[in-house]
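Listed below, chain by chain, are the residues.
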Amino acid sequence: MESISYYDGLKENYYHGLLLGMSIIFSSDYYLLSNRESGEGRYDIQLQPKTAAMPGIIIEIKAAKDATEEKLKALAANALAQIESKKYDTEIRKQSIKTIYKYGIAFSGKKVEIATN
């Protein structure tokens, strides 16, 4: 509520860049991948661990203007379902990564909702 303008966050690309930029703190342990093909589509962000003992992370982002809390929850759930239905974990599984955390994240202005497996 205090850091970004409502006008900053009107499109999905803004949030994508924000999360990707914040993920750089994990670059010593993870390869940060963005908009790469895997399975039957392209995930938004993947953190692929540099060692197979660490968990992988897949993030799918959705954004909507003036979404209600209910719509925001549905968007986050849809993003998570998209990770599963499009099999975005295909490439990371080929790296022998056993544990994969999947996050569907929905934004609307300054509001956010996260769905996870």
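This text follows the structure it describes.
Computed from a prediction, not measured in an experiment: that's the story for all the values here. (Residues numbered from 1 in each chain as written. Predicted model: local features only at pLDDT ≥ 70, side-chain atom pairs only at ≥ 80, totals over all residues. Heavy atoms only, no water.)

Chemist: Describe the pattern of salt bridges, listing the residues and the values that go with them.
Modeler: Counted according to the given criterion, the structure contains 7 salt bridges. Here Lys73 makes a salt bridge to Glu69, at a shortest N to O gap of 3.7 Å. With Lys73 and Glu69 both in helix α2 (residues 69–85) and 4 residues apart, the pair spans about one turn of that helix. Its relative accessible area of 42% is what places Lys73 among the partly exposed residues. Owing to a relative accessible area of 55%, Glu69 belongs among the exposed residues under this scheme. (Salt bridge = Lys/Arg side-chain N within 4 Å of Asp/Glu carboxyl O. Helix = DSSP H or I, 4+ residues; strand = E, 2+ residues; numbered from the N terminus. Buried < 20%, exposed > 50% of the residue type's maximum accessible area, 1.4 Å probe, protein only.)

Chemist: Describe the sheet that holds strand β5 (residues 56–63), with residues and values.
Modeler: Spatial ordering of the open sheet is given by β1-β4-β5-β6-β7, a layout of 5 strands whose pairing is mixed. Since the sheet does not close on itself, it has two edges, and those belong to β1 (30–34) and β7 (111–116), each with one partner. Recorded for the sheet is a direction-independent mean angle of 20° between the axes of neighbouring strands. Its contacts with the sheet put α2 on β5, β6 (100–108) and β7, and the angle it makes with β6 is roughly 145°. (Pairing = 2+ DSSP bridges. Axes fitted to C-alpha atoms, helices over the stretch in contact; angles between N-to-C directions. Contact = heavy atoms within 4.5 Å.)

Chemist: I'd love a proper account of α2, names of residues and values included.
Modeler: Between the first and last C-alpha of α2 there are 24 Å, a value that for 17 residues agrees with the 24 Å anticipated at 1.5 Å per step. Along its buried surface, α2 packs onto β5, β6 and β7. (Expected span 1.5 Å × (residues − 1).)

Chemist: Mind laying out helix α1 (residues 12–23), listing which residues take part and the relevant values?
Modeler: Its 12 residues give α1 an end-to-end C-alpha distance of 17 Å, which sits within 8% of 16 Å, the value for a rise of 1.5 Å per residue. Of the residues making up α1, those classed as buried are Tyr15, His16, Leu19 and Ser23. The arc enclosing the buried residues of α1, seen along the axis, measures out at 105°, which places them on a common side. Elements in contact with the buried residues of α1: β1, β4 (45–49), β5 and β6. (Arc of directions from axis to C-beta.)

Chemist: Outline the side chain of Ser108, listing residues and values.
Modeler: In this fold, Ser108 is placed in strand β6. Reaching out from Ser108, the side chain makes a polar contact with the backbone oxygen of Ala64 at a distance of 2.8 Å. (Polar contact = N/O pair within 3.5 Å; in protein donor to acceptor, adjacent residues only side chain to side chain.)

Chemist: Let's hear about the nonpolar core: which residues, and what values?
Modeler: Judged by nonpolar contacts, the single largest core of 16 residues is most densely connected at Tyr43, Ile58, Ile83, Tyr88, Ile92, Ile100 and Ala106. Of all the elements, α2 adds the most residues to this core, at 5 residues. In this structure, Ile100 is in contact with Gly56, Ile58, Asp89, Ile92, Arg93 and Asn117, ignoring residues within four places of it in sequence. (Core = buried A, V, L, I, M, F, W, Y, C linked by side-chain atoms within 4.5 Å.)

Chemist: Hey, could you go over the packing of aromatic side chains for me, with residue numbers and the actual values?
Modeler: The tally for this structure, following the rule as stated, stands at 2 aromatic pairs. Note on Phe26 and Tyr30: the rings are 6.4 Å apart at their centroids and 85° apart in plane angle, and the pair reads as edge-to-face. With a centroid separation of 6.5 Å and 75° between ring planes, the pair formed by Tyr43 and Tyr88 is classed as edge-to-face. On the criterion of sequence distance, the pair formed by Tyr43 in the loop between β3 (41–42) and β4 and Tyr88 in the loop between α2 and α3 (90–93) is long-range, its members being 45 residues apart. When sorted by exposure, Tyr43 lands in the same class as Tyr88, which is buried. Positioned over the ring face of Tyr31 is Lys50, at 5.2 Å from the centre of the ring. (Phe/Tyr/Trp six-rings, centres within 6.5 Å; stacked < 30°, edge-to-face > 60°. Lys NZ or Arg CZ within 6 Å of the ring centre and 35° of its normal.)

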